[in-house]
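In case you want the letters, here they are:
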Amino acid sequence: MTGTETLTKPAPQTAGGKVEHFDTLIVGAGISGVGAAYHLQEQCPGTSFVVLETLESFGGTWLMHKYPGIRSDSDLFTFGYRFKPWTGAPIASAQEILTYMGEVIDENDLARHIRYKHKISSARWSSKDNLWTIEATRTDTGEVFHFTANFLWMCQGYYRHSEGYTPEWPGMDKFKGKIIHPQTWPEDLDYKGKNVIVIGSGATAATLVPAIAGETKHVTLLQRSPTYFIPGRNENELTEQLRALKIDEAWIHEITRRKVLADQAEFTRRSFEEPDVVKQELLAGVAMFLPQEVVDEHFTPKYRPWRQRIAFVPDGDIFQAAAAGQASVVTDEIETFTEKGILLKSGKELEADIIITATGFNLSVLGDIKFELDGKPLNFADTVTYRGMMFTGIPNMVWVFGYFRASWTLRVDLLGDFVCRLLNHMKEKGAKRVTVKLRPEDKDMKLMPWIDPENFNPGYLMRGMHLLPKRGDKPEWQHTQDYWVEKEELPEINLDAAEFVYE
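Now for a description of the structure that goes with this document.

### What about the side chain of Asn108?
1) Next: Position of Asn108 relative to the elements: it lies in the loop between helix H4 (94–107) and strand E3 (114–115).
2) Next: When its relative accessible area of 15% is taken as the criterion, Asn108 is described as buried.
3) Next: Among the polar contacts made by the side chain of Asn108, one reaches the main-chain carbonyl oxygen of Val104 at a distance of 2.8 Å.
4) Next: Leaving out residues up to four positions away in the same chain, Asn108 has contacts with Tyr38, Gln41 and Glu42.

### Some details on the packing of aromatic side chains
1) Next: Summed over the entire model, instances satisfying the criterion amount to 29 aromatic pairs.
2) Next: Ring geometry for Phe289 and Phe319: centres 5.9 Å apart, planes at 35°, overall tilted. Residue Phe289 is found in the loop between helix H8 (275–287) and helix H9 (292–298), and its partner Phe319 is found in helix H10 (residues 317–323); the two are separated by 30 residues along the sequence.
3) Next: In this structure Phe319 comes out as buried when scored by relative accessible area, which is 0%.
4) Next: Members of the aromatic cluster, connected to one another through ring pairs, are Trp125, Trp132, Phe371, Phe380, Phe391, Trp399, Phe401, Phe404, Trp408 and Trp450.

### Remarks on the sheet that holds strand E10 (residues 218–223)
1) Next: The five strands are arranged E8-E17-E9-E10-E13 in an open sheet whose pairing can be described as parallel. With one partner strand each, in any of the chains shown, strand E8 (178–180) and strand E13 (327–331) form the two edges of the open sheet. Between one strand axis and the next, the sheet turns through 20° on average, direction left out of account.
2) Next: With four bridges joining them, strand E9 (residues 195–199) and strand E17 (residues 354–357) adopt parallel strand pairing. Along E17, the bridge assignment pairs Ile197 with Ile355.
3) Next: Each of E9, E10, E13 and E17 is contacted by helix H5 (residues 203–213), which is oriented at about 165° to E10, the strand it contacts most.

### Considering the nonpolar core
1) Next: Core analysis: the largest hydrophobic core is formed by 138 residues, its most contacted members being Leu25, Ile134, Leu152, Phe371, Met397 and Phe500.
2) Next: If you look at the next biggest cluster of nonpolar residues, it comprises 14 residues, including Phe175, Val330, Ile334 and Ala352.

### Details of the sheet that holds strand E16 (residues 349–351)
1) Next: Read from one edge to the other, the open sheet built from three strands follows the order E14-E15-E16, with strand pairing classed as antiparallel. Of all strands in the sheet, those with a lone pairing partner are strand E14 (334–337) and E16, marking the two edges. Each neighbouring strand pair of the sheet contributes to a mean axis angle of 25°, computed without reference to strand direction.

### Points about empty space enclosed by the protein
1) Next: One pass over the full model with this rule turns up one cavity of 30 Å³ or more.
2) Next: Those elements that provide at least two residues to the lining of the largest cavity are H5 and strand E12 (311–314).

### Quick notes on the pairing of E9
1) Next: Along E9, four of the five residues are buried, which leaves the element largely enclosed by surrounding structure.
2) Next: Where E9 lies against E10, five bridges are found, and the strand directions are parallel. Note that in E10 the partner of Ile199 across the bridge is Leu222.
3) Next: Since E9 and E10 lie parallel, the crossover through H5 that links them has a hand, and here it is right-handed.

What counts, and where the lines are drawn
- Residues numbered from 1 in each chain as written.
- Predicted model: local features only at pLDDT ≥ 70, side-chain atom pairs only at ≥ 80, totals over all residues.
- Heavy atoms only, no water.
- Helix = DSSP H or I, 4+ residues; strand = E, 2+ residues; numbered from the N terminus.
- Buried < 20%, exposed > 50% of the residue type's maximum accessible area, 1.4 Å probe, protein only.
- Polar contact = N/O pair within 3.5 Å; in protein donor to acceptor, adjacent residues only side chain to side chain.
- Contact = heavy atoms within 4.5 Å.
- Phe/Tyr/Trp six-rings, centres within 6.5 Å; stacked < 30°, edge-to-face > 60°.
- Pairing = 2+ DSSP bridges.
- Axes fitted to C-alpha atoms, helices over the stretch in contact; angles between N-to-C directions.
- Core = buried A, V, L, I, M, F, W, Y, C linked by side-chain atoms within 4.5 Å.
- 1 Å grid on protein atoms, 1.4 Å probe; cavity = no way out; pocket = protein on both sides within 12 Å on 5 of 7 lines; lining within 4 Å.
- Points joined across faces, edges and corners; volume = space filled by probe spheres on them.
- Right-handed = clockwise from strand over helix to strand, strands pointing away.

These values are about where atoms sit, not about what they do.
As structure tokens, this is what we get:
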């Protein structure tokens, strides 16, 4: 199986006036949704469920993005699921990740639960019936389908798949060439022998530039300000040693996973406690490939490490492309687009045939689905988050939002355990509904933005913070973004604590 084709044995379809009912409805068949389906099947046997996915197959991000070189920016030993050993290199291509996910689906007979090309438009909760009613449209036929579910498990990710974020710069309409966002990469884009500008400084830009550098006439990375990278070999030394000793792959996976997590925890701690030392270590890694003056001018960020995500650069490929003269880096601001390219505020003009705006994405809160609660429109910004996964006043729903400083999938597994434990607890109590609410001691609690901007502040979050639930100043009412705390705390949550209301 290639990992990109739609799986066989599709679930039965219904349309028209018939409404299908499931105990749990999972939204999305990306890394979170497939993980949720696995945990539900393993930990809640006998539970009926369906997975609705807008795209034509599984994979989410890894299926949708088609730009050259697309790869993970974190290691697969922790990005992979805890229940299935990762046997490849630490940094993997989109195709390798899709193949891995396809194996998870096949090995666990999950395909029969997944319905592709089902775009959800609305989700309405009825307290009278204790049910969610979901409306979805087939993207290929236009047929409308209706489902009811006792519980809604939101695994659709956190950004708008249909379009990326491109700022509105002056003069964009004057440019005679093509302007492309990586999220909607045209399959027929011919960049061979062309002058290309890639605007951006994050993981996407760092992936794209070396992927196309050898084929373009020249590629220029244009950034407003530098970001941090971690260059290194795309292999795990411990893993290779264990394989040489003929250790079982399941053991290798677990040992490597624990070692990587321990190293990440130490790196995160040091980023906060000794940021200047960590900064110099990161810059020294770049200086192994480029002259110090280039590092000082183009790769020395003004912020402390980990205020934004740090991408791993396998074998320092973007720095190697710059050192070889195939790529160059310009740190400046855009004054205006011109017919030939971009005029910078310094007065310099960059000429290009193609301009790629690797400038981020648009935050999508709960999949841009129209939510209603007993007939009234639901605004998630009016709620307070419970540990970044449930929301005050919204029954029978959990949202999977992963980690910024660790692999996303780590939280998929943790929340899989939590949701299954919650569903089994409801069943034992005979409860039809569970809602989280502020306790009496939380009455005067200070409410703040969902994420502390001083702690983590990427552009997409800052632009969309007003759409997200509020957080409080107590652990229960925050998304801590700390896997190493949550892996201990989440399994110990008292499901009969005062914040949980069962009916």
